[in-house]
Amino acid sequence: MLKDVDAVIFDLDGSLVDSMWIWQKIDIEYLGRFGISLPEGLQGQIEGMSFSETAGFFKEQFGIPHTIQQIKADWNAMAWDKYSHEVPLKEGVNRFLDWCREQGILLGIATSNSRELVQNVTAVHGLEDYFSCIMTGCDVARGKPSPDIYLAVAQKLQVEPGRCLVFEDIIPGIQAGKAAGMKVCAVEDAYSIVQKEEKAALADYYIEDFLDERLYG
């Protein structure tokens with residue numbers, strides 16, 4: 001799987017850390033502040049959007065009276081404690097990161113989440129020194145499934161897209177990695193388990209966790 005790969009780029013939520021469950025709870029609580037019930041299918045509508053794009057969507061769709069900056073600040077505050085104390089790394093992540101570093105493979109993060117929260121996660125788990133580049137969806141023009149964020153990370157790492165391997169857990173993310181011309185490994189996650197077959201079909205590889213021995217060949 002890592003043959004001819006010079007850089008590995010991770011999505012954050014659901015790929016590097018087990019955190020997708022948090023956001024539905026936050027959406028329910030946040031909309032509840034305005035007397036709005038969580039609409040069915042909302043998570044599917046916002047999958048892949050950047051943090052800023054999602055805030056804009058909420059403001060327009062639900063008539064939230066706050067600025068986009070205030071919406072994002074509220075979400076960061078709501079998520080901060082959970083990311084600090086309740087979000088574990090995906091199984092085997094530490095082993096795989098160490099192995100990549102031993103092989104001289106560069107590491108990056110390409111997330112739709114906020115920079116504040118991704119920095120929180122890497123600090124809590126002691127991962128700051130592993131990643132040469134952390135990019136968020138707010139740093140590029142278009143969120144996933146557009147390839148912008150993956151191309152931006154590859155450029156920052158100075159690695160050709162075709163020599164990058166992406167780890168993603170949602171379909172728009174897999175599509176973004178493929179559109180960037182990269183190899184993509186789909187990561188199993190409880191949040192998207194109903195899409196397992198579709199994810200496996202779209203990606204080049206599929207793993208249940210980072211203990212998969214195909215990663216270490």
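This is a predicted model, so every value here is computed, not measured.

Chemist: Would you take a moment to explain the overall build of the protein chain for this structure?
Modeler: Assigned secondary structure in the protein chain consists of nine helices and six strands. Over its C-alpha atoms the protein chain spans a radius of gyration of 17 Å, differing by no more than 12% from the 17 Å that the globule rule assigns to 217 residues. Along the longest, intermediate and shortest principal axes, the C-alpha atoms of the protein chain span 55 × 35 × 30 Å. Burial statistics for the protein chain: of 217 residues in total, 55% are counted as buried. In the protein chain, of all internal contacts separated by at least 6 residues, the share reaching a separation of at least 24 is 65%. Total accessible area on the protein chain stands at roughly 9700 Å², and carbon and sulfur atoms take up 48% of it. Averaging the locations of the 19 positively and 34 negatively charged side chains of the protein chain gives two centres separated by 3 Å.

Chemist: Looking at this model, I keep getting lost on the packing of aromatic side chains. Mind explaining?
Modeler: Any pair of aromatic rings gets described here by the distance separating the centres and the angle formed by the planes. Following the criterion strictly, the structure yields 18 aromatic pairs and no others. Geometrically, the ring pair formed by F51 and W75 is edge-to-face, given 5.7 Å between the ring centres and 70° between the ring planes. With a gap of 24 residues between them, F51 in helix α3 (residues 51-62) and W75 in helix α4 (residues 68-85) connect regions that are remote in the sequence. On the basis of relative accessibility, which here comes to 6%, the residue F51 falls in the buried class. When its relative accessible area of 2% is taken as the criterion, W75 is described as buried. With a centroid separation of 5.9 Å and 85° between ring planes, the pair formed by F96 and Y216 is classed as edge-to-face.

Chemist: Help me out: how do you make sense of helix α5 (residues 93-102) in this one?
Modeler: Given 3.6 residues per helical turn, the α-helix brings residues three or four places apart onto the same face. Restricting attention to buried positions, one finds in α5 the residues V93, F96, L97, W99 and C100. All buried residues of α5 project into a common sector of 160° when viewed along the axis, lining one side. Where the residues of α5 are buried, they touch β1 (7-10), β2 (106-111) and β4 (164-168). One or two residues past the end of α5 sits G104, with phi positive at roughly 75°.

Chemist: Help me out: how do you make sense of the pairing of strand β3 (residues 133-136) in this one?
Modeler: Two faces belong to every sheet, and in a regular strand the side chains alternate between them. Two elements, β2 and β3, share four bridges in a ladder whose sense is parallel. The partner of I109 across the bridge, within β3, is I134. Between the parallel elements β2 and β3, the chain passes through helix α6 (residues 115-124) in a crossover that is right-handed.

Chemist: Explanation requested: the packing of α3 against α4 in the structure shown.
Modeler: Describing two packed helices takes the angle between their axes plus the distance from one axis to the other. Remark: α3 packs on α4, axes separated minimally by 9 Å, with the N-to-C direction vectors making an angle of 110°. With respect to each other, α3 and α4 are oriented roughly perpendicular. Crossing geometry of α3 relative to α4 is assigned as right-handed. Seen from α3, the contacting residues are F51, S52, T54, A55, G56, F58 and K59; seen from α4, they are I68, I71, K72, W75 and N76.

What counts and what doesn't
- Residues numbered from 1 in each chain as written.
- Predicted model: local features only at pLDDT ≥ 70, side-chain atom pairs only at ≥ 80, totals over all residues.
- Heavy atoms only, no water.
- Helix = DSSP H or I, 4+ residues; strand = E, 2+ residues; numbered from the N terminus.
- Rg over C-alpha atoms; globule rule 2.2 N^0.38 Å.
- Buried < 20%, exposed > 50% of the residue type's maximum accessible area, 1.4 Å probe, protein only.
- Contact = heavy atoms within 4.5 Å.
- Areas by Shrake-Rupley, 256 points an atom, 1.4 Å probe, with all protein chains shown as cover.
- Lys, Arg positive; Asp, Glu negative; His and termini not counted.
- Charge placed at Lys NZ, Arg CZ, Asp CG, Glu CD.
- Phe/Tyr/Trp six-rings, centres within 6.5 Å; stacked < 30°, edge-to-face > 60°.
- Arc of directions from axis to C-beta.
- Pairing = 2+ DSSP bridges.
- Right-handed = clockwise from strand over helix to strand, strands pointing away.
- Axes fitted to C-alpha atoms, helices over the stretch in contact; angles between N-to-C directions.
- Parallel < 35°, antiparallel > 145°, perpendicular 65-115°, else oblique.
- Left-handed = near helix turned anticlockwise from the far one by under 90°.

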